[in-house]
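Structural characterization, general
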Amino acid sequence: MQDIFVKVLSMGVNASWIILAVMAFRLLFHKAPRWIVCFLWVIVGFKLICPFNIESSISLIPVWDKVLSINQDSIDLKDNNNVVNIQADNKFTDVNIKSKDNNYKQSGEYIQPDTSNKIKQQYKTSIISICTTIWIVGIIIMLFYLFISHIYIRKKVFTATHLSDNIWESEFVNSPFILGVVNSRIYIPYNVNSKQLAYILAHENAHLARKDHVLKIIAFLILSIYWFHPLVWISYTLLCRDVEFACDEKAVLLMNTQEKKEYLLTLLSYSTGKNSFNISPLSFGKIKIKERVVRMKKFKKPSVILTSIIFLIGIIISVCFLANPREAKTEEENTIENKATTEPLDEKTELASSYIAQTDADTKVLNAVLPTLTLDTEKKTFCFTYDVLSSYMPFGSYTEKNNKIILTTDDGQFHYTFERGSKNTLCFAADASSPVTLTDKRFGMELKDGTVFEPSKKKMPDTYSATVEAKPASVDLKGITGADGAILYYVDAEKIIFGGYFGLFVHDKASGQIVQSLDLEYIGCNYTQGDNYCSIAVAKDGIKVYMKPMRQNKLYVFDTLYGELEIRDYPKKQSIWNDSSLDLFHTKQHYASYMNGKEKKTCHIYESTGIIGDCQYFEYRGKEPKNKEDIVYHSLFPQEK
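Please read all numbers here as calculations on a predicted model, not as lab measurements.

What follows is about the nonpolar core. Among the nonpolar cores identified, the biggest contains 46 residues, and Leu-518, Met-547, Leu-565 and Phe-637 are the most heavily contacted of them. Among the elements that line this core, the one with the most residues is strand E19 (residues 487–491), at 5 residues.

Structure, rendered in structure tokens:
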């Protein structure tokens, strides 16, 4: 639902411009036939509900450039709070702790951790989650109002008597109105004389002919979605007025001066009282009566030529503000496009299964570290390897459009664009792609705009599998453990594997140290709840940790012995707990039992304060001791000696 809410916000911002344009048109051509303005409001409604971006070179919507770009790998947070940074290599790691309160440092090189991105991401996610909840509550309230309005009006006209055709009389009706969408009925007060009835029916039948009773229901439903948008409220208010104006114009179009006068008198006699704003979508009531009477007094049948000109102006305004501006191409993109179009394609234009980057004559790079692109042309998926030292492996799907190959990662964070060239080659478009940088420039080849990828003999594997260096966790020991606290994933006589949103950790019981860790945020496995929830489980031997994000078709496998991370292609809807081939160790979130030789022990993770640095564990045989003084607690994170 958060994605839908963000999409609605974006659509609402884009639609604001066409709303303002129609309001300006309405003010400028205030004497124009109101059916034209009503037509423009229909286009506004289409803009609000259309989920697709329509682009046009003649669009008048301002272009808002992205002014903020956050590179998660380049954020530098200088914070002297109590922080632990855990570095992993192919051996056991050193744990480095630095605190303002405790002047000590254990062995190993200290590196200032980066926690700002996690804090910002969690803050952003929580804000969006709260706003989404408020938005849904608002929609429910609006729909509840619609339901109550329907019940109230139905109850009010329950005793109405049939007069003729679809006309009903009721003693509880003060002003004529229409009720119903399919079998619409016109409700009028009792004791209406025949002359007044003719004028009333002229107006109400104009509503039915124009399908205003349907239009107003649809408009209210759109308003329910955009209840937070002030311009949409203004649009709905003006639509209700313009609908009445348009029906008045249609009703008096063929009337003479005397008939028009009697029509206005009838309108006034059955619309007494305050002209309050009525947002009910089920009826047409007393909306701007005085303004309607004044307008109808001055109303004259407009000429066909003038009406056509005004309508054409309205159409032009709608077209210019209905579509979003088309993004201008850079000189580099135009150059690539010209190359792609001027160089003839081979007769065989089918994409190859694997491509490898071509180096310049002066550049010497081992083939093993050259950027490669592997495509599955049937599943429309890809694997793009441009940095052998990177912890992030771009997997995802691709599309072909206008001689371009557009790659999008499964998490939606990155995209890459290639132009098709001659001899079935691909040309990398750096300016139309997410940044591609090397972790270490000594290893690999830097991709530049225009780098050519040629087909290689490497074939696409049945499933993706790649081993990459794992990024160790950095954790603020003074931070909170979160709603789920520290979670126990595995325990045996030698180690404990635990973690939470703040990372995954392997605790060695003998030394009391953290010997391995993994940053879960950069692989999207730091969510313990919600739509992005990640299932984490450990094999029964305690070596492999399996992590499966719900919204990804990947399985991350962390080796606790060597600190390596493997990424596998995995069915999106597949649960690791239903995969018998994994043979998982079962825990109950905060405690688990294990066999120490012939002896059964139970391990509990304990949090007395909810602070990460205070996380402890205790073990016992048989039943848990009732006397807390008999329990021996052990810290999960390294403490000062």
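With that settled, consider empty space enclosed by the protein. To find the voids left in a structure, one rolls a probe of water-molecule size over its atoms. Summed over the entire model, instances satisfying the criterion amount to 10 cavities of 30 Å³ or more. Reported here for the second largest cavity is a volume of approximately 90 Å³. Taken together, Met-11, Asn-14, Phe-46, Lys-47, Cys-50, Phe-52, Asn-53, Ile-54, Leu-322 and Asn-324 make up the lining of the second largest cavity. For the lining of the second largest cavity, the elements supplying multiple residues, two or more each, are helix H1 (2–28) and helix H2 (34–49). Tallied by class, the residues present in the lining of the second largest cavity amount to 6 nonpolar, 3 polar and 1 charged.

Here the focus is the packing of aromatic side chains. Counted by the stated rule, this structure contains 29 aromatic pairs. Ring geometry for Phe-384 versus Tyr-416: centroids 5.1 Å apart, planes at 70°, classification edge-to-face. With Phe-384 in strand E11 (residues 381–385) and Tyr-416 in strand E14 (residues 415–420), the pair connects residues that are 32 residues apart, well separated along the chain. A centroid spacing of 5.3 Å and a plane angle of 55° characterise the contact between Phe-418 and Phe-428, whose relative ring orientation is tilted. Taken together, the residues Phe-418 in strand E14 and Phe-428 in strand E15 (residues 426–429) connect sequence positions 10 residues apart.

The subject of this paragraph is the sheet that holds strand E29 (residues 599–606). By way of backbone hydrogen bonds, the strands of a sheet pair with one another, either parallel or antiparallel. If you walk across this open sheet you meet the 4 strands as E28-E29-E30-E31, and the pairing is antiparallel. The open sheet has two free edges, formed respectively by strand E28 (591–596) and strand E31 (634–635), since each of these has just one partner strand. The pairing of E28 with E29 spans 6 bridges and is classified as antiparallel. Bridging from a neighbouring strand, Asn-596 pairs with Glu-599 of E29.

Mapped onto the secondary structure, Leu-351 falls in the loop between helix H10 (331–342) and strand E9 (354–357). Distance from Leu-351 to Asp-376, taken between C-alpha atoms, is 9.3 Å for residues 25 residues apart in sequence. Dropping the residues within four chain positions of it, Leu-351 is found in contact with Leu-375, Thr-377, Tyr-398, Glu-400, Ile-405, Arg-420, Asn-424 and Leu-426.

Turning our eyes to something else, we now look at the pairing of strand E5 (residues 167–170). Judged by which residues are buried, E5 turns out to be covered on both faces: Ile-167 and Glu-169 on one side and Trp-168 and Ser-170 on the other are all buried. Bridging between strand E4 (residues 161–164) and E5 involves 3 bridges; their strand directions are antiparallel. Within E5, the position partnered with Ser-164 by the bridge is Ile-167. Counting the residues between successive antiparallel strands, the hairpin from E4 to E5 contains 2 residues, one of them, Asp-165, with a positive phi of roughly 50°. Note: E5 against strand E7 (residues 185–189), 4 bridges, orientation parallel. Opposite Glu-169, over in E7, you have Ile-188 as the bridge partner.

With that settled, consider the pattern of salt bridges. This model, assessed by the stated rule, comprises 14 salt bridges. The residue Arg-34 makes a salt bridge to Asp-242 at a minimum N-O spacing of 2.6 Å. A residue pair is termed long-range when its members are at least 10 positions apart, and Arg-34 in helix H2 and Asp-242 in helix H6 (residues 230–252) qualify at 208 residues. Asp-242 shares its class with Arg-34; the two are buried. Note that Asp-212 and Arg-210 form a salt bridge whose closest N and O atoms lie 3.0 Å from each other. What makes Arg-210 partly exposed here is its relative accessible area of 23%. A single network of salt bridges, built from pairs that share partners, joins Arg-26, Arg-34 and Asp-242.

What follows concerns the confidence of the model for the protein. Considering every residue of the protein, the mean pLDDT works out to 78; 77% of them sit at 70 or more. Per-element confidence in the protein ranges from a low mean pLDDT of 38 for strand E3 (residues 95–98) to a high of 95 for E19. When the criterion is pLDDT under 50, residues 272–279 qualifies, and its contacts beyond four places in sequence or with other chains add up to 16 contacts. Low pLDDT (under 50) marks residues 339–348, which in the prediction has 12 contacts with non-local residues, meaning those over four places away or in another chain.

Tracing the backbone through its elements, the reader meets Tyr-226 in the loop between helix H5 (212–225) and H6. Here the alpha-carbon distance between Tyr-226 and Leu-48, two residues 178 residues apart in the chain, equals 8.7 Å. If we skip the residues at most four places from it in the chain, Tyr-226 touches Val-8, Met-11, Gly-12, Leu-48, Val-232 and Trp-233. Among the polar contacts listed, one links the side chain of Tyr-226 to the backbone oxygen of Leu-48, at a separation of 2.6 Å.

Let us now look at the sheet that holds strand E20 (residues 495–500). Judged by pairing direction, the sheet is antiparallel, and its 4 strands sit side by side in the order E19-E20-E21-E22 without closing on themselves. Looking at the sheet topology across the chains shown, the edges are occupied by E19 and strand E22 (513–518). Averaged over neighbouring strand pairs, the angle between their axes works out to 25° when direction is ignored. Pairing of E20 with strand E21 (residues 503–508), which is carried by 6 bridges, proceeds in the antiparallel orientation.

So, how was this worked out
- Residues numbered from 1 in each chain as written.
- Predicted model: local features only at pLDDT ≥ 70, side-chain atom pairs only at ≥ 80, totals over all residues.
- Heavy atoms only, no water.
- Core = buried A, V, L, I, M, F, W, Y, C linked by side-chain atoms within 4.5 Å.
- Buried < 20%, exposed > 50% of the residue type's maximum accessible area, 1.4 Å probe, protein only.
- Helix = DSSP H or I, 4+ residues; strand = E, 2+ residues; numbered from the N terminus.
- 1 Å grid on protein atoms, 1.4 Å probe; cavity = no way out; pocket = protein on both sides within 12 Å on 5 of 7 lines; lining within 4 Å.
- Points joined across faces, edges and corners; volume = space filled by probe spheres on them.
- Nonpolar A, V, L, I, M, F, W, Y, C, P; charged D, E, K, R; others polar.
- Phe/Tyr/Trp six-rings, centres within 6.5 Å; stacked < 30°, edge-to-face > 60°.
- Pairing = 2+ DSSP bridges.
- Contact = heavy atoms within 4.5 Å.
- Salt bridge = Lys/Arg side-chain N within 4 Å of Asp/Glu carboxyl O.
- pLDDT = per-residue confidence, 0-100.
- Polar contact = N/O pair within 3.5 Å; in protein donor to acceptor, adjacent residues only side chain to side chain.
- Axes fitted to C-alpha atoms, helices over the stretch in contact; angles between N-to-C directions.

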